Every structure is written in C-alpha cells, then in structure tokens.
Amino acid sequence: RGRRRLGERGTFERRETPAPPPAIAGDAARKQADAARLERLRQWAEADEAEEEAEEPEETEDEVGVPARERVSKRERRAMGPDETLDVSFMHPSEREIAKALDFYGIKYLYEPRSFPLRWEGNRVTEMFTPDFYLPAEDRYLELTTMKQSLVTQKNRKLRRLRELYPDVNVLLLYRRDIMRFLAKYGHGPMAGAKVVGGVHQLIGADEVAKRVREIGRQITKDYAGRDPVLIGVLRGAMVFLSDLIRNVDVPGVQMDFIKTSSYAGAEHKGVSLVKDVEVDLKDRHVILVEDIVDTGLTLKHLLGHLATKLAASLAVCALLDKPARRMTDVRIDYVGFQIPDEFVVGYGLDYNEQYRNLPFVGYIKPEEPKFEPQR
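Within every chain, residues take consecutive numbers counted from 1 along the sequence as written. Only residues with pLDDT of at least 70 are given local features in this predicted model, and only at 80 or more are side-chain atom pairs given and counted; all residues enter the totals for whole chains, interfaces and linings. Working from all heavy atoms in the structure, the side-chain values ignore hydrogens and water.

> Please clarify how the pattern of salt bridges should be interpreted in this entry.
Side-chain pairs of opposite charge can arise where the charged atoms are in close proximity. Each salt bridge in this description consists of a side-chain nitrogen of Lys or Arg and a carboxyl oxygen of Asp or Glu lying within 4 Å of one another. Enumeration over the complete set of coordinates arrives at 22 salt bridges. The closest approach of N and O atoms between Arg-157 and Glu-127, which form a salt bridge, is 3.1 Å. With Arg-157 in helix α5 (residues 149-165) and Glu-127 in strand β5 (residues 124-129), this pair connects stretches of sequence that are 30 residues apart. Under the scheme applied here, a residue whose accessible area is under 20% of the maximum for its type counts as buried, over 50% as exposed, and between as partly exposed, the area being computed with a 1.4 Å probe on protein chains only. By relative accessible area, which is 13% here, Glu-127 ends up buried. By sharing partners, the salt bridges in this structure join Arg-236, Asp-351, Glu-354 and Arg-357 into a single network. What counts as a helix is a DSSP run of H or I of at least four residues, what counts as a strand is a run of E of at least two, and both are numbered from the N terminus.

> So what exactly am I meant to see when it comes to helix α4 (residues 93-104) here?
Note on helix geometry: an α-helix contains 3.6 residues per turn, so any two residues three or four positions apart are oriented the same way. What a helix should span is 1.5 Å times the count of its residues minus one. The end-to-end C-alpha separation of α4 is 17 Å, in line with the 16 Å expected for 12 residues at 1.5 Å each. By the criterion of burial, α4 is predominantly enclosed, with 9 of the 12 residues buried. In the stretch just after α4, Gly-106 is the one whose phi turns positive, near 70 degrees.

> Help me understand the nonpolar core in this model?
A general trend in soluble globular proteins is that nonpolar side chains are found buried together. Each nonpolar core is a collection of buried residues, namely Ala, Val, Leu, Ile, Met, Phe, Trp, Tyr and Cys, held together in the definition by side-chain atoms within 4.5 Å. Grouped together as the largest cluster of nonpolar side chains are 30 residues, with contacts concentrated most on Leu-231, Phe-241, Leu-245 and Leu-321. Secondary structure elements with two or more residues in this core: α7 (206-223), α8 (239-246), β13 (286-294), β14 (314-322), β15 (335-339) and β17 (362-365). Note on contacts: a residue pair qualifies if any of its non-hydrogen atoms lie within 4.5 Å across the two residues. Aside from chain neighbours lying at most four places away, what touches Phe-241 is Val-213, Ile-216, Val-290, Glu-291, Cys-318, Ala-319, Leu-320 and Tyr-348. Core analysis: the second largest hydrophobic core is formed by 23 residues, Phe-90, Phe-104, Leu-144 and Leu-298 among them.

> Would you mind going over the sheet that holds β14 with me for this structure?
Two modes of strand pairing occur in sheets, parallel and antiparallel, and in both the strands are linked by backbone hydrogen bonds. Criterion used throughout: strands pair if DSSP finds at least two bridges between them. Sheet architecture is open: 6 strands sit in the order β12-β11-β10-β13-β14-β15, paired in mixed fashion. The sheet terminates laterally at β12 (274-276) and β15, the two strands that pair on one side only. Averaged over all adjacent pairs, the angle separating strand axes in this sheet is 25 degrees, with direction ignored. Looking at chain direction, β13 and β14 are connected through 8 bridges and run parallel. Bridged to Glu-291 within β14 is Ala-319. Most of the contacts of helix α9 (residues 298-308) go to β13, to which it runs at about 165 degrees, and overall it touches β10 (230-234), β11 (255-261), β12, β13 and β14. As a rule, the C-alpha atoms of each element are fitted with a line to give its axis, helices using only the stretch in contact, and angles between N-to-C directions run from 0 to 180 degrees.

Okay, here's the thing in structure tokens:
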C-alpha cells in the first residue's frame, strides 16, 4: 500500500497514499477530497524535482553554457535515447515502434515514468493510470492502445478521470488505427501497402483549394512586401502546393528552393538526415518553409531546427493542411490552408504508396486495416 519509488542502490522508499478526509455529504466532499489528494501529489512532484536536482553532478566543461532545460537528470539519462531503446523491455511491439520513431527524430522520452492514482478506498489506491511515454521537452504523455473496443472504452474512462484530477497533465491517446497510419506514412508497419477500400473520397474540392492558395499568396505578399522572401518546399508532397503558391506571391524578389529529409523506415540507430539541403544562401533572408501537411509535427520540428542554423532574418511556416489530432510536438504554423479531421489524405501532391499525387483536389482514402497484435 502506498507509492514505492526505486531509490539509490535498489532500495525502496514508501510514501503513504493521500487519504481522503472524513466523509462529508454532497459534491463538496468529493471536491474537497480530490483537492486534498492533488495537493499531496503536487508536493510529491516538487519533492521529486528537488531530489533530482540534488542528484545532479557538478557541471563539466562540456555542459557549461548548455541551457538548463536541455540537461537531463541521471535518472533520465538512463531512460531515454537510441542506446537505451534497445535495452528497454517494452510491453507491446507497437511501443517499440513508436520509441524507434521518436529516436529517429531525436525526441527524448521516458518509458512509463510514473503512475497517476485515480481512485481510492480509504487509504488504498484502487485504480491508477500509467502512460506509456513522457516527452520531457514537450511536457506531453503518450498512451498507446491496440486493444479491442470494449477495453478502449475503459481506457477512455480512465483518461477522462485523469483529466478531471490532473487538468495540467497533457496526454495524447494513440489508437490502433493511429499507430498503423503513423507507420504507414513512412512505408512501414502492417498497413504499408494495404489495399485501398472504396476509392478516393473528396474532402476539399479543386476550386476551394485554388481559392485558398490565392488568399494565402495575397497575405504573404502583404506581409513580405519589400523583404524578398525565400519559399522552401519540403519534397515531395509540397511541390504542387508551392508551385501554385509562389505564382500568387506578388513580390519581385521572391525565390524558391527545396529541402528533403530521409524517411523513417523502422531502422535502428539511424536518425533523420537531409537528402537534399537548400542551395540558396539564407543568411539574413526571410524564409518561409512550405509543407503539404503537418500532423505529428516531428519532421517539421527537425527542419525548423536545421534552418535555424542558417542565420535567416526570420523563419515562418506555411502548410496547406493542418491535422492537429495526432500532434506529438508543438510547432507554430503561420499560414494554414485548411484544418482537417484525422483522415488519411491524398491528392494535390500528397500520396499513398506514391499514388494519387496528381489529383487536383484533396481527398481521403480508407486503407484496409490488417490484423494487429492486440495488447493483453
């Protein structure tokens, strides 16, 4: 009973679980009980942070000048990064796939770092929730599920309870379909190459796309008058969008270039790399990175970090499509064409297995979902 924490040299530390106050009638009693538990949990978190700070070694020469937010404690160093991923005993293959993808993009994570008490009987915790991953830089938890629907319903109930008790905790739930689509986007996983069922369904018509591209072009013209921007398209999906967009930017000195990154394919130890870098000198230039779609934000975050080293005067992002439902990392998008639901979109430069790029509209498809090993 109570929480156990693994301390130094394998010893355990016990802490009494927050007990509810004596019974008081009505909703006020429940709110008072929850507030008391939350206060004790916050105190625990503050104590943990103070303990980790005390465990930090003195700065070495290579750490001098490194921002504090970029340093990690000894406990975190043992838990995250490509080398550690190989040694982690994941509960399900889908967790390992996501961990490898995070490694590929250089996103540090902690695996099952903590449990959140959800319900109590007296002094005893009767229900807890343990997210699969924590992304320290994003302050976001990831929870994966490949369970059958009846069990997913129970997990959704737990998430609702978690958000009631811990409103500041940010948790993204990735369902079975989300995981397969995430991997299929890079030609990997059980859905890669799956048969499309029912053809292409139109989501945004060609005329609507053209109208919105003209509107974005006029806005960029207004915002960058006299500044000669450089529009950089992310190959290959943004090629069609960029070619139409730049013809609607009425700035005489506007230029364009392209950039391309390697794609995640489930490989171990291989991080994202540039297949093609920009050729235009971006120093002191005003740069607009043009994307076809932003969903997880992982590729975009990497590209922004790379372009930041080019010493541009300013750096903005323009995306035809924004799909926030599966965002794993926070990125700012300055110009958005359309915000779309969580569908597998194709057309107007976007593909599925290198097909459908030539469609004049944005559509969505329903790839056949193969069997996926369920969680036990």
